[in-house]
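The lines below spell out each chain.
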Amino acid sequence: MKEARCGQQHGDSWPRRIIALAMLGALSVIFLACAREKNTSAAAPEATASAAPPASGYSAVSADLGPPPSFNATRAMQYVKEIVAFGPRPVGSENHKKVEDYIHAHLKGDLVDDDYFITDTPEGKFPVRNIIAKYPGSRDGIVMIASHYDTVYSLRNTTFVGANDGASSSALLLEIANQLRGKKRDGYSVWLIWDDAEEAMKQWSATDSLYGVRHLAEKWQDDGTLKKTKAFLLEDMIGDADLNIEHEQNSTPWLEDMIYQAATRLGYQSHFFARTIPMEDDHIPFLQRGVPSVDLIDYEYGYNNVFWHTPQDTVDKLSPKSLEIVGMVTLETVQMLDKKK
Ligand SMILES: [Zn+2]
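None of the values given here were measured: they were computed from a predicted structure. (Residues numbered from 1 in each chain as written. Predicted model: local features only at pLDDT ≥ 70, side-chain atom pairs only at ≥ 80, totals over all residues.)

This part is about the nonpolar core. Val80, Ile145 and Ile259 are the most contacted members of the largest nonpolar core, which has 88 residues in total. Apart from residues lying up to four places away in sequence, isoleucine 145 is in contact with Leu173, Ile176, Val190, Leu192, Ile193, Leu233, Glu235 and Thr330. (Core = buried A, V, L, I, M, F, W, Y, C linked by C-beta atoms within 7 Å. Buried ≥ 20, exposed ≤ 12 C-beta atoms within 10 Å, placed from the backbone. Contact = placed C-beta atoms within 7 Å.)

Okay, structure coming up:
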């Protein structure tokens, strides 16, 4: 994925905040009682001030969703370690095939589709394989949860294993599969997507990136699947021990709202939306086709994102607790979607 910062965003927010604080100071002198109220909002995390736009189209779910979802963080972390143990897994490599087999082996008995094709890239032709596991629900419609599992092609001859970038989210989906398997879903069908060739082959561009999801989005637009898709939830770099999920600006506002509500219900909101940034990621082809989509991503992996796309992206930087937080918030969001009018 790539950060798609549009210059305005940062230059804007600080002065605005300073002006807001100055005004707050002035008001507090004149209206003490009033200032007290304002202070509450000033002290609130940046997220609630800037990141939670008024819900549009989403009416808050007040119905009882039942007990919080369960998620086995130890098992999810074990999956991360096992995926990483294969070594770098760029498209076209032997290790990549091993990870494909590994994912399939964990989905035995489930309804699994492979979306296999050959794609043209600036580095030549490559095989791409998206793996989709489907868990049917009683309600007409689909909620998709996705993660890429490839590693960066240009880093194929380094020790880059993408523990956070690719492995953490792919492991998360395997554990979500465990939670969905064999249970009657009283809600939408859930499709888990291990998508391939997310990373650029040479240099990130609209045509050199997101190969797997671009293929899926096009195919599913043609066959009518997207019309039935209620939400696309993307997981990326969600294992960082210092977990701060971004408020991602390209994502669908009402769905971001729902994520924040789910996090709040579970008491995990301090890990969400402290920062607002736009990302180009696997959700883009779905957004472009009108599917409500969110990118759950922590794009500050080490100070200034220093571990991102480097051989330092290793398991020791991750925490099972982070997998649990994102896994549970994702499952809580699915339950909220199930109940959404
Ligand atoms: Zn990456």
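Structure shown, so let's carry the discussion forward.
In the sheet, strand β7 (residues 245-248) pairs with strand β8 (residues 272-277) via three bridges, with the strands oriented parallel. Bridge pairing in β8 links glutamate 248 to isoleucine 277. For the crossover that starts at β7, traverses helix α8 (residues 253-265) and ends in the parallel β8, the hand is right-handed. (Pairing = 2+ DSSP bridges. Helix = DSSP H or I, 4+ residues; strand = E, 2+ residues; numbered from the N terminus. Right-handed = clockwise from strand over helix to strand, strands pointing away.)

Here we come to the sheet that holds strand β3 (residues 124-135). Read across the sheet, six strands follow the order β2-β3-β5-β4-β6-β10 without closing on themselves; strand pairing throughout is mixed. Each end of this open sheet is capped by a strand with a single partner; those strands are β2 (111-121) and β10 (293-297). Shown here is a sheet whose adjacent strand axes are inclined to one another by a mean of 20°, direction ignored. Relative to β10, strand β6 (residues 229-236) runs parallel, the two being bridged by five bridges. Within β10, the position partnered with glutamate 235 by the bridge is leucine 296. Helix α5 (residues 94-106) rests against β2, β3 and β5 (185-195) of the sheet, and its axis sits at about 10° to β3. (Axes fitted to C-alpha atoms, helices over the stretch in contact; angles between N-to-C directions.)

Although it is not a glycine, alanine 197 adopts a positive phi angle of roughly 55°. Assignment of secondary structure puts alanine 197 in the loop between β5 and α7 (211-222). Residue classification places alanine 197 among the buried residues on the basis of 29 C-beta atoms within 10 Å. The phi dihedral of methionine 237 falls on the positive side, at around 55°, and the residue is not glycine. Note on placement: methionine 237 falls in the loop between β6 and β7. Here methionine 237 falls in the buried class, since 33 other C-beta atoms lie within 10 Å of it.

What follows covers the environment of glutamate 199. Along the chain, glutamate 199 falls in the loop between β5 and α7. A residue is classified by how many C-beta atoms lie within 10 Å of it, and glutamate 199, with 25 of them, is buried. Separated by eleven residues in the primary sequence, glutamate 199 and leucine 210 place their C-alpha atoms 6.4 Å from one another. If near-sequence neighbours (up to four positions away) are discounted, glutamate 199 is found in contact with Asp150, Thr151, Val152 and Tyr153.

Viewed as axis vectors pointing N to C, helix α4 (residues 73-85) and helix α10 (residues 320-339) meet at an angle of 110°, and their least axial separation amounts to 8 Å. Classified by the angle their axes make, α4 and α10 are roughly perpendicular. The two elements α4 and α10 meet at a crossing, and its hand is right-handed. In contact with Ala73, Thr74, Ala76 and Met77 of α4, α10 contributes Pro320, Lys321, Leu323, Glu324 and Gly327. Its residues assigned to classes, the contact of α4 with α10 comprises five nonpolar, two polar and two charged. (Parallel < 35°, antiparallel > 145°, perpendicular 65-115°, else oblique. Left-handed = near helix turned anticlockwise from the far one by under 90°. Nonpolar A, V, L, I, M, F, W, Y, C, P; charged D, E, K, R; others polar.)

With that out of the way, let us pick up the confidence of the model for the chain. The predicted model of the chain has a mean per-residue pLDDT of 87, with 82% of residues at 70 or higher. Long-range and interchain partners of residues 6-62, a stretch whose pLDDT sits below 50, account for 38 contacts in this model, where long-range means more than four residues apart. (pLDDT = per-residue confidence, 0-100.)

As for its position among the elements, isoleucine 259 is in helix α8. Assessed through the 25 C-beta atoms surrounding it within 10 Å, isoleucine 259 is described here as buried. Separated by 74 residues in the primary sequence, isoleucine 259 and threonine 333 place their C-alpha atoms 6.0 Å from one another. With near-sequence residues (within four places) excluded, isoleucine 259 lies in contact with Phe272, Val294, Leu296, Val329 and Thr333.

Let us now look at the environment of proline 285. Its location among the elements puts proline 285 in helix α9 (residues 284-288). Sequence separation of proline 285 and leucine 210 is 75 residues, and the distance between their C-alpha atoms is 8.4 Å. Residue contacts for proline 285: discarding those within four places in its chain leaves Leu210, Val213, Arg214 and Ala217.

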